[in-house]
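In case you want the letters, here they are:
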Amino acid sequence: MVTESQAYIELISYFTENLDLFEEGKGETIDKTVRDLIEEHIAQKIMAFFSQHEGLDQDTRLDVVREADAIVTDLEEFLSRRLDQKSTIQQEQFIIEFSGLIKNLFDSAFGN
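Along each chain, residues carry numbers from 1 onward, in the same order as the chain's sequence is written. The predicted origin of the model limits local features to residues at a pLDDT of at least 70 and limits the giving and counting of side-chain atom pairs to 80 or more, whereas totals for whole chains, interfaces and linings rest on all residues. Hydrogen atoms and water are omitted, and side-chain values are computed over all heavy atoms in the structure.

S.K.: Provide a residue-level description of the packing of aromatic side chains, including the pertinent values.
M.R.: Aromatic ring pairs are described here by two measures, namely the spacing of the ring centres and the angle between the planes. Any two rings among Phe, Tyr and Trp, with Trp reduced to its six-membered ring, count as a pair given centres within 6.5 Å; such a pair is stacked if its planes are under 30 degrees apart, edge-to-face if over 60, and tilted if neither. Applying the stated rule across the entire model yields ten aromatic pairs. Ring centres of Phe15 and Phe78 lie 6.1 Å apart, and the angle between their planes is 45°; on these two criteria the pair is classed as tilted. In this pair, Phe15 is assigned in helix 1 (residues 6–17) and Phe78 in helix 3 (residues 58–78), connecting sequence segments 63 residues apart. Burial classes follow relative accessibility: with a 1.4 Å probe on protein chains only, a residue under 20% of its type's maximum area counts as buried, one over 50% as exposed, and anything between as partly exposed. The class of Phe15 is buried, set by a relative accessible area of 1%. Clustering of aromatic rings is evident, with ring pairs tying together Tyr14, Phe15, Phe22, Phe78, Phe94 and Phe98. Here a helix means four or more residues in a row that DSSP labels H or I, a strand means two or more in a row labelled E, and each is numbered from the N terminus.

Written as structure tokens, this is what we have:
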């Protein structure tokens, strides 16, 4: 599905090209950790995806949730030592953008 696509590989490359955004001490922090932001924004985008694709059967929904969990796991592996640091505004903006791109992958996979 999505995590096995070329588009996902390119999206992960884009993420890794921006890892320097997640170095400590690079901007004003907010009261959320990097882990909190990743989980929150990806969950929001997956919920929005489900709202837009109400006709998906239960098995497909479960597949999408498993894929989203795999994506979160991938991101946590890239950011392992940085997950519990306070996030910066720039990191939050990047995570919001990135989670939107993830939603776009799911939309494309289901013909939105």
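S.K.: Any chance you could break down the nonpolar core for me, citing the residues and the numbers?
M.R.: A general feature of soluble globular proteins is that nonpolar side chains tend to end up buried together. Buried residues of nine kinds, namely Ala, Val, Leu, Ile, Met, Phe, Trp, Tyr and Cys, make up a nonpolar core once their side-chain atoms join them within 4.5 Å. Phe15, Ile38, Ile42, Leu75, Leu79, Phe98 and Phe106 are the most contacted members of the largest nonpolar core, which has 28 residues in total. At the level of secondary structure, the elements contributing two or more residues to this core comprise helix 1, helix 2 (34–52), helix 3 and helix 4 (89–109). No other element matches helix 2, which puts seven residues into this core. Contacts are assigned to residue pairs that have any heavy atoms within 4.5 Å of one another. When residues no more than four places from it in sequence are discounted, the contact partners of Phe106 are Met1, Val2, Ile46, Phe49, Val64, Glu67, Ala68 and Ile71.

S.K.: Could you give me a rundown of helix 1, with the residues and numbers involved?
M.R.: To estimate how far a helix should reach, multiply one less than its number of residues by 1.5 Å. Counted at 1.5 Å a residue, the expected span for helix 1 with its twelve residues is 16 Å, and the 17 Å between its end C-alpha atoms agrees. Elements that come into contact with the buried residues of helix 1 comprise helix 3 and helix 4.

S.K.: If you had to explain the pattern of salt bridges to someone new, which residues and values would you point to?
M.R.: Side-chain pairs of opposite charge can arise whenever the charged atoms involved come near each other. Salt bridges are counted wherever a side-chain nitrogen of Lys or Arg sits within 4 Å of a carboxyl oxygen of Asp or Glu. Inspection of the entire model under this criterion finds seven salt bridges. Between Glu23 and Arg82 there is a salt bridge, with the nearest N and O atoms lying 2.7 Å from each other. Within this pair, whereas Glu23 is found in the loop between helix 1 and strand 1 (29–33), its partner Arg82 is found in the loop between helix 3 and strand 2 (86–88), the two being separated by 59 residues in sequence. Since its relative accessible area comes to 30%, Glu23 is described here as partly exposed.

S.K.: Which residues make up the environment of Val64, and what values go with them?
M.R.: Along the chain, Val64 falls in helix 3. For Val64 and Phe106, which are 42 residues apart along the polypeptide, the C-alpha to C-alpha distance reads 8.0 Å. Beyond its immediate sequence surroundings of up to four residues, Val64 is in contact with Met1, Ile46, Phe49, Phe50, Phe106 and Phe110.

S.K.: Tell me about the environment of Ile102, and please be specific about residues and values.
M.R.: With respect to the helices and strands, Ile102 occurs in helix 4. In the structure, Ile102 is positioned 56 residues away from Ile46 in sequence and 8.8 Å away in space, judged by C-alpha atoms. When sequence neighbours within four positions are dropped, the list of residues in contact with Ile102 reads Leu11, Ile42 and Ile71.

S.K.: Explain the packing of helix 1 against helix 4 residue by residue, including any values.
M.R.: Under this scheme, a helix contributes an axis fitted over its contacting stretch, all axes are lines through C-alpha atoms, and angles between N-to-C directions fall in the 0 to 180 degree range. Helix 4 packs onto helix 1 with a crossing angle of 175° between their chain directions and a minimal axis gap of 11 Å. Considering their axes alone, helix 1 and helix 4 lie roughly antiparallel with respect to each other. Contacts from Ala7, Tyr8, Leu11, Ile12, Tyr14 and Phe15 of helix 1 reach helix 4 at Phe94, Glu97, Phe98, Leu101, Ile102 and Leu105. Here the nonpolar group is Ala, Val, Leu, Ile, Met, Phe, Trp, Tyr, Cys and Pro; Asp, Glu, Lys and Arg are the charged ones; every other residue, Gly included, is treated as polar. Here the residues of the contact of helix 1 with helix 4 are counted per class, giving eleven nonpolar, no polar and one charged. Angles are sorted into four bins: roughly parallel if under 35 degrees, roughly antiparallel if over 145, roughly perpendicular if 65 to 115, and oblique for all others.

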